[in-house]
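Summary of structural features
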Amino acid sequence: MELIEGLYTRRSVRQFTGQPVERELLLEIIKAGTWAPSGLNNQPWRFAIVQDAAVRANLAKLTKYHFVIEGAPACIAVFIDKSLMYHDTKDHQAMGACIQNMLLAAHALGLGAVWLGEILKNAEAVRALLGLPEQMELMAVVALGHPAGKSHTSTRKDLADVLLKEL
Ligand SMILES: Cc1cc2nc3c(=O)[nH]c(=O)nc-3n(C[C@H](O)[C@H](O)[C@H](O)COP(=O)(O)O)c2cc1C
């Protein structure tokens, strides 16, 4: 898939078939995340793969989008390692790039994925559930699977509405 085509055809996918996601694909998606740019190349991202049904059920309880996690055969929780940070804004920008790379990689591999942010209201509970140290701060949960049904449509503002100036 051409990069530009993948970028425009990626959609958030919230419904999945029950088919498990091969571990190699999950690792490929994480690897794509790690190839995002980061300030000073500090690579502050860390990841936890969750496929276990019982753990997923508990994870699902921590977001109003519980149906997405319940239906997704795999989730990747994405953390920032606070001990590696050097600049709050820049490190968070790097995390966004990382997560977007993951979504695009999932799409390129024929999988569906969605970035779940609402669960951040329970970031501490997610960290505790996964048994991770305090320096790991949750940035998102990416729910993944083989897409079920047609992909949703989405819209964007016109360029004229977002382009502030052209000098
Ligand atoms: C920071 C962030 C948080 C998001 N949180 C959620 C979420 O909690 N639940 C959800 O279903 N989608 C979530 N999304 C996905 C957006 O709803 C989606 O990207 C947007 O509606 C555009 O649709 P598209 O991705 O299909 O183009 C989130 C996206 C971002 C970037």
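This text goes with the structure placed above it.
Notes on the structure in this doc start here. Remember, it's a predicted structure, so these values are computed and weren't measured experimentally.

Let's shift gears to the side chain of R56. Inspection of the secondary structure assignment puts R56 in helix α3 (residues 53-60). Those residues in contact with R56 that lie beyond four places of it in its chain are V50, Q51, I69, E70, A72, P73, A74 and C75.

In this section: the nonpolar core. Ranked by internal contacts, the top residues of the largest apolar core, which has 25 residues, are I29, I76, V78, M102, V142 and L144. Only α2 (23-34), β2 (74-81), α5 (88-108) and β4 (136-145) provide two or more residues apiece to this core. Here the element with the most residues in this core is α5; it accounts for eight residues. With residues up to four places along the chain from it excluded, the contact list for I76 reads L26, I29, I30, F47, A48, M102, A140, V141, V142 and L144. Counting 22 residues, the second largest nonpolar core, distinct from the first, contains L62, A77, F79 and V126.

By nearness alone, every residue bordering the ligand is listed as R10, R11, S12, R14, Y65, V114, W115, L116, G117, E118, S154 and R156. Within the contact set of the ligand, an oxygen atom lies 3.0 Å away from a side-chain nitrogen or oxygen of R11. The separation between an oxygen atom of the ligand and a polar side-chain atom of R14 is 2.7 Å. Burial of the ligand by the protein chains amounts to 65% of its free accessible area of 630 Å². Taken together, the residues of the shell around the ligand sort by class into four nonpolar, three polar and five charged.

Moving on: the sheet that holds β2. Spatially, four strands are ordered β1-β2-β4-β3 in an open sheet, and the strand pairing comes out antiparallel. Two strands in the sheet have a free side with no partner beyond their single neighbour: β1 (45-50) and β3 (112-116). This sheet shows a mean twist of 25° between the axes of neighbouring strands, independent of strand direction. Note: β3 against β4, five bridges, orientation antiparallel. The residue of β4 that forms the bridge with V114 is A143. Against the sheet, α2 engages β1, β2 and β4, with an angle of about 165° to β1.

With eight of eight residues buried, β2 lies mostly within the body of the structure. Burial along β2 is two-sided: A74, I76, V78 and I80 facing one way and C75, A77, F79 and D81 facing the other are all buried. Across six bridges, β1 lies against β2 in antiparallel orientation. The residue bridging R46 from the neighbouring strand is F79, located in β2. In this structure, β2 lies alongside β4, joined through eight bridges in antiparallel fashion. Counted as the bridge partner of C75 is A143 from β4.

Further remarks concern α5. Owing to its 3.6 residues per turn, the α-helix aligns residues three or four sequence positions apart on the same side. Given a rise of 1.5 Å per residue, 21 residues ought to cover 30 Å, and the 30 Å separating the end C-alpha atoms of α5 matches this to within 8%. Among all positions in α5, only D91, A94, M95, C98, I99, M102, L103, L104, A105, A106 and H107 are buried. Close packing links the buried residues of α5 with α1 (3-9), α2, β1, β2, β3 and β4. Just downstream of α5 lies G110, where phi reads positive at about 85°.

The rules behind the values
- Residues numbered from 1 in each chain as written.
- Predicted model: local features only at pLDDT ≥ 70, side-chain atom pairs only at ≥ 80, totals over all residues.
- Heavy atoms only, no water.
- Helix = DSSP H or I, 4+ residues; strand = E, 2+ residues; numbered from the N terminus.
- Contact = heavy atoms within 4.5 Å.
- Core = buried A, V, L, I, M, F, W, Y, C linked by side-chain atoms within 4.5 Å.
- Buried < 20%, exposed > 50% of the residue type's maximum accessible area, 1.4 Å probe, protein only.
- Near = heavy atom within 4 Å.
- Polar contact = N/O pair within 3.5 Å; in protein donor to acceptor, adjacent residues only side chain to side chain.
- Areas by Shrake-Rupley, 256 points an atom, 1.4 Å probe, with all protein chains shown as cover.
- Nonpolar A, V, L, I, M, F, W, Y, C, P; charged D, E, K, R; others polar.
- Pairing = 2+ DSSP bridges.
- Axes fitted to C-alpha atoms, helices over the stretch in contact; angles between N-to-C directions.
- Expected span 1.5 Å × (residues − 1).

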